[in-house]
Amino acid sequence: MTTLHPGDVDLRCSVAGVELPNPLMTASGCAAAGRELHQFVDVSSLGAVVTKSVMEAPRSGRGTPRMAETPSGMLNSIGLQGPGIEGFLEHDLPWLRAVGARTVLSIAGVSVAEYAQLARRLRRVLGIVMVEVNISCPNVEDRGQVFACDPGAAAAVIGAVRAELRPEVRVLAKLSPDVTDVVAVARSVVAAGADGLTMINTMLGMAIDTDTMRPVLAGTTGGLSGPAIRPVAVRCVYQVRAALPQVPIVGVGGVRSGRDALELMLAGADAIQLGTVLFHDPNAPVRIADELRAELATRGVSKLADVVGHAHRLGVT
Amino acid sequence: MTTLHPGDVDLRCSVAGVELPNPLMTASGCAAAGRELHQFVDVSSLGAVVTKSVMEAPRSGRGTPRMAETPSGMLNSIGLQGPGIEGFLEHDLPWLRAVGARTVLSIAGVSVAEYAQLARRLRRVLGIVMVEVNISCPNVEDRGQVFACDPGAAAAVIGAVRAELRPEVRVLAKLSPDVTDVVAVARSVVAAGADGLTMINTMLGMAIDTDTMRPVLAGTTGGLSGPAIRPVAVRCVYQVRAALPQVPIVGVGGVRSGRDALELMLAGADAIQLGTVLFHDPNAPVRIADELRAELATRGVSKLADVVGHAHRLGVT
Amino acid sequence: MPVQVTAEVLSLARVGDYHHLTLAAAGVAEDARPGHFVGLAVGGLPGDGVTPWLSRRAFSIYRARPTGTATGTVEVVFAANGAGTRWLASRRPHDQVDVIGPLGRPFALPGEPVTCVLVGGGYGAAPLLTLAERLRGRGCPVHVAIGAATARRLFGALDARRSAVAVTVTTEDGSAGERGRVSDVLPDVLQRSGAEVIYACGPMGMLRAVAELATTSGVHCQVAVEEAMACGFGVCMTCVLPVVGSDGLTRMTRACVEGPVFRGDQVRWDAIGPRGAAVPRDCVGAPAVGPSAGGGH
Amino acid sequence: MPVQVTAEVLSLARVGDYHHLTLAAAGVAEDARPGHFVGLAVGGLPGDGVTPWLSRRAFSIYRARPTGTATGTVEVVFAANGAGTRWLASRRPHDQVDVIGPLGRPFALPGEPVTCVLVGGGYGAAPLLTLAERLRGRGCPVHVAIGAATARRLFGALDARRSAVAVTVTTEDGSAGERGRVSDVLPDVLQRSGAEVIYACGPMGMLRAVAELATTSGVHCQVAVEEAMACGFGVCMTCVLPVVGSDGLTRMTRACVEGPVFRGDQVRWDAIGPRGAAVPRDCVGAPAVGPSAGGGH
Ligand SMILES: Cc1cc2nc3c(=O)[nH]c(=O)nc-3n(C[C@H](O)[C@H](O)[C@H](O)COP(=O)(O)OP(=O)(O)OC[C@H]3O[C@@H](n4cnc5c(N)ncnc54)[C@H](O)[C@@H]3O)c2cc1C
Ligand SMILES: Cc1cc2nc3c(=O)[nH]c(=O)nc-3n(C[C@H](O)[C@H](O)[C@H](O)COP(=O)(O)OP(=O)(O)OC[C@H]3O[C@@H](n4cnc5c(N)ncnc54)[C@H](O)[C@@H]3O)c2cc1C
Ligand SMILES: Cc1cc2nc3c(=O)[nH]c(=O)nc-3n(C[C@H](O)[C@H](O)[C@H](O)COP(=O)(O)O)c2cc1C
Ligand SMILES: Cc1cc2nc3c(=O)[nH]c(=O)nc-3n(C[C@H](O)[C@H](O)[C@H](O)COP(=O)(O)O)c2cc1C
Ligand code: FES
Ligand code: FES
């Protein structure tokens, strides 16, 4: 390996046939619809902007407190606050298109029908490169069981969304790590038509305020994110990559440096999403792209794609 | 609430009918069989010493590296290195008895038969107050599926162990958080005869060395422990306590301060185990007992038992 | 527009129970106005990749001086209660801290030279001192009421005398000024001053009392609220509280970008309790049934 | 017996690429002997509850002075390569660091005044300097061979001259001493000195070369190994390597309590690769089939 100049490293990547200038996307719910982040980094320079999950109707989200800081992580229970799909299409998407961002629309629902209806609305909408389906939502038709925790329910959602969207719009299924067998869920959603997988969503966690002696979050439990969960994200990506080597993977969970991004890519991720790190460092997409370039340059790697899944290639020690 | 003197706080607790002078135990695998820790803290002053999981035969464990540090946590893949039950009974248990430690023996196996055989051997053994059954082991009879990840397999192990032990020896089933529904596993092992539950074992995680571009651990994946996973431990304890309010729970996962211990107890733990923190701070059992006493004193709580499960009592905001 | 910069610690001094931190932070001071805040990363610079604390800490800007030094300075006053603020309190000159600012919407200044009352609780008085100067600069007579639990947590009472017609001080333990809460003396101050506008910054309980008093007295009131914030610049949705918009509808509104300054009569105090805010039933997008427990973002 | 104490940083100085840290640590120095190490908690004191790094960092004791100051001092020399050592390198006098020590089994000293060769690689030379003094004190002629990648990573070459009959220095880039590895010059040193014992401390590759040379030359050899350690005092089982016991059986043996000093011919070098050690098939308790992937402790 000879050392290269970071400028000579090609960060282009491709996810399910969609070409991106670099692998760094925002993670859903961590950059709203791009506008506020644009004050710090030009969002059109990102691989893609993944929107906060959009639902059919406007949602107030939950009461507060909505967050608790935990060691190297945080819990959130926002409750999918948002303007609803109409509001998104009217106010947010035009802005994203105007600034030239590649937009991945994250959608969420409480029933297969809601997901399908959201997808149907997108049929005539232009300017969305991929749809990411957030299936970490309680299914009102199944006693609040989270779709992502049941291979069958997860597949039902993905199948419905796939059927409604234009064929050229790629579908990413976003998986939860809170399952006994993430590979089984992955297989199931891929069979139902997912073009790629985003892993991982937050993990179910909880904090109790030792002063008030009650749960910190108004929602009692919340989703754990940040560097604390990175080892779980790496493991999920690695397991699924090993089981389904042809399926594109977008890695997410605890990335805060170029090395972290590289770690997930070595495990098998074709691209990377940045979540919690954006709260800490809105400049992270630029910083991490630079760090990634430098890491690859030191290793003499000129093309990002060459490292994807590399940890699998050499077998076990 | 009036403030008390920390010395007036009574830390005594009871787990499945076993009285302990305080709620702080070592976590299995984090204090070997007590001897080395005894250089720093008198292990007879602990609530109990939980041994490294003992198997039927001596085990070499895995190759190295066996650990990787992660943000606010660590991964380990020791591979249950140990002397086997004979060695334990000959060398370790007599020492534990001699120093006056309350001993909880952790046992592990690769088949229901191995667990049963271990339990059978203990029938005439004195000086063990409880047996903790580590069911986070791959079942060789079921393609390496981890017992704790399948309610049926978990129950089969616990049932077999319960049947072999003397009735007065209490059985704790140690649960894994790596499941879709921890309450289902809890119910299943309680129905099979577990007198209490220990939660949580490590979470499956992985790290990749970005320099060598290969998995850090010789065992590829490993168990994630430390403060990073505390929110998951709190959540598991809370969920199970809510579902099975009568079942004793020993809380473990990321505790490193009196506040952390209190948090798990508010969630529903009757006692607490200290794991990774011992590597960082062998004096932790003494320090945390002091901190816990001080925390309770400030809140005017004179009896530890009064805080157990307190976060459930007041309902949702 | 806020900028993100690596700032240098110029000084850190104790002021009673608080810490007064002065940072050389390029580009932050220029646009800063009273009520703006900064978000500080704690535990190290983001590029170090080591801090266990991922959320930023928000602090009202106490003073901002674009021309104070070569790079412009920003000052904050803070209480070191938790882990992140203790880390901040142990910085030394020349240490680096990552800063984002100015953030939020500042206090709106009156177009006319009306009499104003500024109400500050604890470190909440910090942003009001510059506000007092600005108001005086516009010809507004300024009355200041500052309260705290105890004398060591009173901030700015002396400073305030420079711009204010009158300064009233309260402490709950009576260790300085009048014994009681600042809201206790406020009716009197309002009456004496004949003020038409109140500006308030402090704990939520105080703000509520002030806002309600303003409503009953028919006085315009602006409050700078303090909500737990993960990002401080509008992307995470953690910092919301129910606020009535110009269309009369209540929305869960981000304190970091649509606040922290709100009109006192727009905040839905009825839904705000000591531990947080509930979603009012009439809020836009409120759940039809009670919110189900469980995770989810 | 090791103690755990809150130590105070007395000084921290650069020595080439390394850092030389002196700690006032009560009770650690008294029993310390060459080859012992200390385990330092990094990122703050345990009671702070904030460090993201839960495993201790192990450092050979360079010097220990029970009577040096009121509380006794311990010195280590380290390379700031990773996050924890960078944290250590940014400490300042009067800062506190939690220390456990002395840990491990030290070098065994010869009963007779035999000639010894001490071989150090990089910071691995640090513990050998005190060893050299002790050996000289027992009348053993001491020859020292110190090597490093480059001059800035040579440690103790000058110091060594005080106790040693002869000091040989190598660097891989030729920037000081002879160009090459310390194991290249060792045959010559052995021959010239007629040594009967070798003591070595440095990277595993070097130790292996030294141990193999010792075996071929029929010289007694002790090596201080460096394995990743989480606890340093024997409870976690992370630091193992395959070592042949007095019964001739190989066991995965803890470097922290049964080492770090082992006899060179007891270490199963055949099972140790650049990234770690495999479990030899003939190891006590070795799995019948290959180890299955997956978690588990
Ligand atoms: C707009 C605004 C202005 C503020 N101005 C000041 C100021 O001028 N001086 C001052 O001392 N404090 C101010 N605060 C409060 C300050 O942000 C918190 O005290 C601080 O974040 C606590 O951090 P910690 O590390 O001490 O606490 P920790 O308990 O470690 O914090 C854990 C998490 O909770 C959040 N948090 C904890 N307490 C508060 C709180 N009271 N308000 C908001 N978030 C909290 C933290 O930001 C962090 O995300 C302000 C807050 C806001 C929102
Ligand atoms: C008995 C013994 C004596 C040692 N003596 C010295 C000494 O005198 N001077 C010196 O500079 N170094 C010494 N080392 C190595 C030193 O412990 C590591 O360099 C240090 O732990 C790295 O920490 P970090 O924060 O820089 O690295 P990180 O990469 O942040 O460390 C992550 C984890 O890996 C472990 N680790 C990483 N590298 C090593 C390594 N090379 N050896 C062991 N563990 C490692 C760390 O302890 C930590 O648990 C010794 C190691 C042992 C086991
Ligand atoms: C405040 C917050 C809000 C989130 N909202 C969503 C969401 O709306 N939809 C979704 O699929 N994931 C959501 N996530 C999960 C993230 O997209 C991401 O999967 C997770 O945070 C792990 O990545 P990280 O560790 O980089 O943050 C949210 C995470 C956070 C912290
Ligand atoms: C090095 C190491 C070894 C462990 N060995 C065992 C074991 O043998 N049996 C077991 O049931 N749990 C074992 N555990 C899991 C712990 O007992 C505990 O459940 C887990 O580490 C979470 O607690 P902590 O965060 O306090 O460490 C081990 C954990 C570590 C870190
Ligand atoms: S703090 Fe993140 S949106 Fe307000
Ligand atoms: S480092 Fe823990 S047993 Fe050796």
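Residues numbered from 1 in each chain as written. Chains lettered and ligands numbered in written order. Predicted model: local features only at pLDDT ≥ 70, side-chain atom pairs only at ≥ 80, totals over all residues. Heavy atoms only, no water.

**Comments concerning the interface of chain A and chain C**
Facing the 53 residues of chain A at the interface are 49 residues of chain C. Regarding the contact of chain A and chain C, the summed buried area is about 4000 Å², with carbon and sulfur atoms giving 55% of it. Its largest share of buried area at the contact with chain C, chain A owes to Glu-69, Phe-279 and His-280 of chain A, together 18% of the area lost on that side. If you look at where chain A meets chain C, you find 2 salt bridges. (Contact = heavy atoms within 4.5 Å. Buried area = accessible area lost by both parts, 1.4 Å probe. Salt bridge = Lys/Arg side-chain N within 4 Å of Asp/Glu carboxyl O.)

**Focus on the environment of Pro-21 of chain A**
Residues and elements named next belong to chain A. Its place among the elements puts Pro-21 in the loop between strand 2 (18-20) and strand 3 (24-26). For the pair formed by Pro-21 and Val-99, sequence separation is 78 residues and the distance between their alpha carbons is 16 Å. Every residue in contact with Pro-21, bar those within four places of it in the chain, is listed here: Leu-11, Arg-12, Leu-46, Gly-47 and Arg-102. (Helix = DSSP H or I, 4+ residues; strand = E, 2+ residues; numbered from the N terminus.)

**Comments concerning the pattern of salt bridges**
Tallied over the entire structure, the rule returns 74 salt bridges over all chains. The residue Arg-92 of chain D makes a salt bridge to Asp-95 of chain C at a minimum N-O spacing of 3.4 Å. Taken together, the positions of Arg-92 of chain D in the loop between helix 1 (83-89) and strand 7 (96-103) and Asp-95 of chain C in the loop between helix 1 (83-89) and strand 7 (96-103) put the pair across two chains. Here Asp-95 of chain C falls in the buried class, since its relative accessible area comes to 14%. Put simply, Arg-63 of chain D and Glu-75 of chain D hold a salt bridge, and the shortest N to O gap is 2.9 Å. (Buried < 20%, exposed > 50% of the residue type's maximum accessible area, 1.4 Å probe, protein only.)

**Brief notes about the sheet that holds strand 6 (residues 73-79) of chain C**
All names here are of chain C. Taken in spatial order, the 7 strands make up an open sheet running 4-3-7-1-2-6-5, and their pairing is antiparallel. Only two strands of the sheet have a single partner each, and these edge strands are strand 4 (57-60) and strand 5 (63-65). Ignoring strand direction, the axes of neighbouring strands in this sheet form an average angle of 35°. In terms of strand pairing, strand 5 meets strand 6 through 3 bridges, oriented antiparallel. Looking at strand 6, one finds that Arg-65 is bridged to Thr-73. (Pairing = 2+ DSSP bridges. Axes fitted to C-alpha atoms, helices over the stretch in contact; angles between N-to-C directions.)

**Overview of helix 4 (residues 182-191) of chain A**
Residues and elements named next belong to chain A. Here helix 4 has its buried residues at Val-182, Val-183, Val-185, Ala-186, Ser-188 and Val-189. Contact partners of the buried residues in helix 4: helix 3 (151-164), strand 11 (170-175), strand 12 (196-199) and helix 5 (230-243). Structurally, the start of helix 4 carries an N-cap: the backbone nitrogen of Val-183 is 3.2 Å from a side-chain oxygen of Asp-181. A positive backbone phi angle near 115° is found at Gly-193, which sits one or two residues after helix 4. (Polar contact = N/O pair within 3.5 Å; in protein donor to acceptor, adjacent residues only side chain to side chain.)

**Examining the packing of aromatic side chains**
For the coordinates displayed, the defined rule picks out 12 aromatic pairs over all chains. In this structure, Arg-91 of chain C packs its charged tip against the face of Trp-87 of chain C, placed 3.9 Å from the ring centre. (Phe/Tyr/Trp six-rings, centres within 6.5 Å; stacked < 30°, edge-to-face > 60°. Lys NZ or Arg CZ within 6 Å of the ring centre and 35° of its normal.)

Take it as geometry only, folks, not as evidence of what the structure does.
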